[in-house]
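Given next are the chains, with one letter for each unit.
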Amino acid sequence: MIRRQRLAAGVCALLAALTAGLAFPAGAVADETGQAAPKVELVLDVSGSMRTRDIDGGTRMAAAKQAFNEVLDATPEEVQLGIRTLGANYRGDDRKEGCKDTERLYPVGPLNRTDAKTAVATLAPTGWTPIGPALLKAADDLNGGAGTRRIVLISDGEDTCQPLDPCVVAREIAAKGIGLTIDTLGLVPDAKTRDQLSCIADATGGTYTSVQHKEELSDRVGELVDRAADPVVTPVAAEGADRCEKAPALKSGLYTDREEFGQQRWYKVEVDPGQELRAAVSVADDRTVGPHYGVLLRAVTVHGREIVRGEAAGTGRTDAVSTGLRYPKPDSDDDAPAETVCLQVTNSFSAAAGVKTRPGLPLELTVDVVDGPSGHHDVASFGLGRGWWLLGALVLIGFVAGLLWGWLSRWRVAVWRTN
């Protein structure tokens, strides 16, 4: 459990560093598409259930409108933003007509805040919940161009237009290879809604967030719009070896590779004293696989001694399995050389009957070598870090309080007996 907490913290820190746009060495990162304007389309559920009053005493629709107004005010100038609705117009009971009810409320392009706010103000909860059709239309709205493209879907219920499964729609969008990410937000969702929205986000590498308060909704939508303006990091192809001696030397960056079923891939990273290695790996099941699988990432010395590992497993349908690790190398007073750390990636996927095993499964490896923590002893303090001081103080206070309470109890008993 302790090690898993450390690994999770390492992965989160690594992803945060990459998002912030760390300067990777030459050759590790391909060209950034900073010149192309990033595009975002907000897709809002305006179905009848949005009338429900369970978000800070108001309706879900009121919370969404407030969030949109705040986000429109804060949208960066370089972001081209559009708004699409689902379930906003058709009030009848004809399912076929209700499942066509998706409309481009504000076109993706340079933002006129007054026009966009006016369009949002006219919305009223109306009809069905055609999430799948709305995602298809939103993908068309964002088609073309080289910049980052994001769909931010806000809904409070399941799609009502099956069998057009929105999760399958999201996978089809991802399979087109157009680099479109779908982030989802669930307004006070139940379990089924949560599962569906999570599946949509996972299929395209997006995120899912459950929202129960107006402030949370505004903050999260704003974060996702701002994220679209972050520079794009293009993975670099790297071919891992079957053992550490032949492994390619990697620097900080994002890499892609292919790994066959049950295969091992090795890579090498140089870590100087006082630095920390942070690594994360994802292996995608881009074809039908067996129901039990896992991914293992190990940091090993050149002599074969394991330093630290990260592992993840699954038993059901997921589109990728990810894990990570951290290795802080203690600083040295003398002029010690850099240490060669071998990274081993292993998967336990099994191919289903009749499924081709080649090419291998897509693998994405993130490597980052940064300045290590100031006190390496804190890293191994069972997740407490400098919290040991607080724990010690609490123990001492408890001990003294126990002594005082015992003395006071004996004194009261003595007084009672005397009287």
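Keep in mind the model is a prediction, meaning the values are calculated, not measured.

Scoring rules and cut-offs
- Residues numbered from 1 in each chain as written.
- Predicted model: local features only at pLDDT ≥ 70, side-chain atom pairs only at ≥ 80, totals over all residues.
- Heavy atoms only, no water.
- Disulfide = S-S within 2.5 Å.
- Helix = DSSP H or I, 4+ residues; strand = E, 2+ residues; numbered from the N terminus.
- pLDDT = per-residue confidence, 0-100.
- Contact = heavy atoms within 4.5 Å.
- Pairing = 2+ DSSP bridges.
- Axes fitted to C-alpha atoms, helices over the stretch in contact; angles between N-to-C directions.
- Buried < 20%, exposed > 50% of the residue type's maximum accessible area, 1.4 Å probe, protein only.
- Patch = residues over 30% accessible without salt bridge, like charges linked within 9 Å, V, L, I, M, F, W, Y side chains within 5 Å.
- Areas by Shrake-Rupley, 256 points an atom, 1.4 Å probe, with all protein chains shown as cover.
- Salt bridge = Lys/Arg side-chain N within 4 Å of Asp/Glu carboxyl O.
- Lys, Arg positive; Asp, Glu negative; His and termini not counted.
- Charge placed at Lys NZ, Arg CZ, Asp CG, Glu CD.

What follows concerns the state of the cysteines. One pass over the full model with this rule turns up three disulfides. The disulfide bridge from Cys-99 ends at Cys-161, spanning 2.0 Å between sulfur atoms. For the disulfide bridge between Cys-99 and Cys-161, the dihedral angle about the S-S bond is near -100°, and by the sign convention the bridge is left-handed. Within this pair, whereas Cys-99 is found in the loop between helix H3 (95–98) and strand E5 (102–109), its partner Cys-161 is found in the loop between strand E6 (149–155) and helix H6 (166–175), the two being separated by 62 residues in sequence. Take the cysteines of the chain that form disulfides and number them in order along the sequence; they join up as 1-2, 3-4, 5-6.

Right, let's talk about the confidence of the model for the chain for a bit. For the chain, per-residue confidence averages 81 on the pLDDT scale, and residues scoring 70 or more make up 84% of the total. For residues 1–34, every residue scores under 50 in pLDDT, and the model assigns this stretch 54 contacts once sequence neighbours within four places are set aside. With pLDDT under 50 throughout, residues 375–385 is counted as low confidence; its partners more than four residues away or in other chains account for 13 contacts.

What follows deals with the sheet that holds strand E8 (residues 208–211). Read from one edge to the other, the open sheet built from six strands follows the order E5-E4-E1-E6-E7-E8, with strand pairing classed as mixed. Whereas interior strands pair on both sides, the edge strands pair on one side only; in this sheet they are E5 and E8. Looking at each pair of strands side by side, their axes are set apart by 15° on average, direction ignored. Two elements, strand E1 (residues 39–45) and strand E4 (residues 80–86), share seven bridges in a ladder whose sense is parallel. Opposite Val-40, over in E4, you have Leu-81 as the bridge partner. Taken strand by strand, helix H4 (residues 113–121) contacts E4 and E5, and its axis lies near 170° from that of E5.

This paragraph deals with the pairing of strand E14 (residues 293–300). Burial runs high along E14: eight of the eight residues are buried. Residues Tyr-293, Val-295, Leu-297 and Ala-299 point to one face of E14 and Gly-294, Leu-296, Arg-298 and Val-300 to the other, with burial holding for every one of them. Sheet topology note: the E14/strand E15 (residues 306–314) ladder contains eight bridges and is antiparallel. Looking across to E15, one finds that Val-295 is bridged to Ala-312. A loop of five residues connects E14 with E15, the two strands running antiparallel in sequence, and Gly-304 in this loop sits at a positive phi of about 95°. Looking at chain direction, E14 and strand E17 (residues 339–347) are connected through six bridges and run antiparallel. Bridging from a neighbouring strand, Leu-296 pairs with Thr-346 of E17.

Further remarks concern the environment of Val-289. Mapped onto the elements, Val-289 comes out in the loop between strand E13 (275–284) and E14. Residue classification places Val-289 among the buried positions, given a relative accessible area of 17%.

Here we come to a negative patch on the surface. A cluster of acidic residues, Asp-56, Glu-70, Glu-215, Glu-216 and Asp-219, forms a negative patch at the surface. At three residues, helix H8 (residues 214–227) tops the list of elements feeding residues into the negative patch. Along the chain, the position of Glu-215 falls in helix H8.

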